[in-house]
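Spelled out from the first residue to the last, the chains are:
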Amino acid sequence: MLSRERRYEGMIMVSRRGLLGGAAAMATVILGGCGRDRTALVTAAKEAASGVEGVASVELEMADGANFEQLLRGTVALEAKDRDSGLLVFDEAMRSIITVIYEELDEVDATSLRVGWITGVLAGGEEITPMELDPYMPAVNPRRDRITAESFYTKYGLG
């Protein structure tokens, strides 16, 4: 009788393994599709920001945060040398990026996408953060890692 129970336990393990393998395969397919959407979003955001007068180059990438949140991060190199001019150009570049996010993603993904790690870099190397674009940013906790695309919707007249 004991050997039958052990065989039965072995069959359950195989079934569990099969089930887990199937779930892993399904997750791979689902997440693989997200990668294409991510690439398209990054490309569209880079093109939009690159079209802003005074932007020298744009490097953006999508990443996963520690708590499964999505991040869009990178640098917008600016031709401006002085901070005031750089802020104006970076603001327009961010407007372009946020507009692409608003138009390309569904509401849940767009509003939760974290954009606080997009940095403007002046010609002299000085950095500008998104927090400097709106000192009264409507963020629950005003830290760069908490800034979402939605944080800019009011400023840019979206939503």
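Each remark here, short or long, concerns the structure printed above.
Reading the values: the criteria
- Here the residue index of a chain counts from 1 through its sequence in written order.
- In keeping with the predicted nature of the model, local features appear solely for residues at pLDDT of at least 70, side-chain atom pairs appear and are counted solely at 80 or more, and the whole-chain, interface and lining totals rest on all residues.
- Where side-chain values are given, they derive from all heavy atoms of the structure, hydrogens and water being excluded.
- A run of H or I in DSSP becomes a helix once it reaches four residues, and a run of E becomes a strand once it reaches two; helices and strands are each numbered from the N terminus.
- The cut-offs for exposure are 20% and 50% of the maximum accessible area for each residue type, with area from a 1.4 Å probe on protein chains only; residues under the lower value are buried, those over the upper are exposed, and the others partly exposed.
- Any two residues whose heavy atoms approach within 4.5 Å are treated as being in contact.
- Surface accessibility in these figures is a Shrake-Rupley result with a 1.4 Å probe; residues are shielded only by whichever protein chains are displayed.
- Multiplying one less than the number of residues by 1.5 Å gives the expected span of a helix.
- If DSSP finds at least two bridges between two strands, the strands pair.
- Neither His nor the chain termini are counted; the positive set is Lys and Arg, and the negative set is Asp and Glu.
- Criterion for a salt bridge: a side-chain nitrogen of Lys or Arg within 4 Å of a carboxyl oxygen of Asp or Glu.

Draft legend 1. The overall build of the protein, seen in detail. If you tally the helices and strands in the protein, you get four helices and four strands. For the protein, the N- to C-terminal ordering of α and β elements is α-β-β-α-α-β-β-α. Looking at the 159 residues of the protein, the share that counts as buried comes to 36%. Look at the contacts in the protein between residues 6 or more apart in sequence, and 59% of them connect residues 24 or more apart. Accessible surface, the protein as shown: approximately 9900 Å² in total, 55% of it carbon and sulfur.

Draft legend 2. Structural detail: helix H2 (residues 83–104). The end-to-end C-alpha distance of H2 is 31 Å, a good match for the 32 Å that 22 residues give at a rise of 1.5 Å each. If you check which residues of H2 are buried, you get Gly86, Val89, Phe90, Asp91, Ala93, Met94, Ser96, Ile97, Ile98, Val100 and Ile101.

Draft legend 3. Inspection of the sheet that holds strand S1 (residues 55–64) at higher detail. Pairing is mixed across the open sheet formed by four strands, whose spatial order is S1-S2-S3-S4. Single-partner strands in this sheet number two, and they are S1 and strand S4 (127–128).

Draft legend 4. Fine view of the side chain of Arg144. Mapped onto the fold, Arg144 is located in the loop between S4 and helix H4 (153–156). No salt bridge is formed by the buried Arg144, whose closest oppositely charged neighbour, Glu127, lies at an N-O distance of 5.0 Å. When neighbours within four sequence positions are excluded, Arg144 is seen to be in contact with Gly116, Trp117, Ile118, Thr119, Thr129, Pro130 and Met131.

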